[in-house]
Amino acid sequence: MKWLKFILDNAWTVVIIGGVLVQLIQAIRKKQGGEETPAAEQPKEYQFDDPELAERTRKIREEIQRKIEQRTRGHVEPPVSSAEPVALPPVIREVTPSRTPVHASSRLDAQRQAEILEEQAALMERLREAEFMKAAGKKRIEFEAATSDHSAEARTATRSTVLNDLESPAALRRAFILREVLGPPVALKR
């Protein structure tokens, strides 16, 4: 009975500990089964038509795996300097027809054009959002200008109407009740 009450009182803690144990068991099984997956079993997202891009991606993945292993062991070795910096964007080189078959260069061109079209679509979406924000800002300015009448004549007319309404005792009582009802709560008054 004690254990059941403890589990019910600390349900979230039990769930979290159970999740951690499941992940730990999965990691142990994965490590026993082998750490690396063959290139044929890699997901489609890691397979590229461009061999340079595939090689660069493989090197980056290996570097990340090495750093993860170092951190799990508890020590960090100095970074190994590579000939090619990891953070730099890929260098776009012109493909010569003599080195690359026609179907491979057309795939690369199609892939590059698809990337360019995606970038242009993202930029168009950002432009539409900016135009929407600009239009909303203009509408707000117009609304504020239309609703705020700061002319002296309007203020004088409003003031004289209010003062005329408060001349009778019944109107004065009504104004006092409206202020109590519509004003700040009594607890917030100082």
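Just so it is clear, the model here is predicted, and its values are computed rather than measured.

A. Representation of the overall build of the protein in the model. A tally of regular secondary structure across the protein gives six helices and zero strands. Its helices and strands in sequence order give the protein the pattern α-α-α-α-α-α, from N to C terminus. The buried share among the 190 residues of the protein stands at 3%. Once local pairs closer than 6 in sequence are excluded, the contacts in the protein between residues at least 24 apart make up 32%. A total of about 18,000 Å² of accessible surface is found on the protein, and carbon and sulfur atoms cover 62% of it.

B. Focus on a nonpolar patch on the surface. Together, Phe176, Ile177, Leu178, Val181 and Leu182 give the surface a local cluster of nonpolar side chains, amounting to about 550 Å² of exposed area. Mapped onto the fold, isoleucine 177 is located in helix α6 (residues 169-182).

C. Structural view of the confidence of the model for the protein. Averaged over all residues, the pLDDT of the protein is 77; the fraction at 70 or higher stands at 75%. Per-element averaging of pLDDT across the protein places helix α5 (residues 152-165) at the bottom with 78 and helix α2 (residues 11-33) at the top with 90.

D. Representation of the pattern of salt bridges in the model. This structure, assessed with the given rule, holds seven salt bridges. Between arginine 128 and glutamate 125 there is a salt bridge, and its shortest N-O distance comes to 2.9 Å. Residue arginine 128 and its partner glutamate 125 are located together in helix α4 (residues 102-147), separated by three residues, close to a single helical turn. Taking the relative accessible area as the measure of exposure, arginine 128 reaches 48% and is therefore partly exposed. Measuring nitrogen to oxygen at the nearest pair gives 3.9 Å for the salt bridge that ties arginine 179 to glutamate 180.

Cut-offs used in this document
- Residues numbered from 1 in each chain as written.
- Predicted model: local features only at pLDDT ≥ 70, side-chain atom pairs only at ≥ 80, totals over all residues.
- Heavy atoms only, no water.
- Helix = DSSP H or I, 4+ residues; strand = E, 2+ residues; numbered from the N terminus.
- Buried < 20%, exposed > 50% of the residue type's maximum accessible area, 1.4 Å probe, protein only.
- Contact = heavy atoms within 4.5 Å.
- Areas by Shrake-Rupley, 256 points an atom, 1.4 Å probe, with all protein chains shown as cover.
- Patch = residues over 30% accessible without salt bridge, like charges linked within 9 Å, V, L, I, M, F, W, Y side chains within 5 Å.
- Salt bridge = Lys/Arg side-chain N within 4 Å of Asp/Glu carboxyl O.
- pLDDT = per-residue confidence, 0-100.

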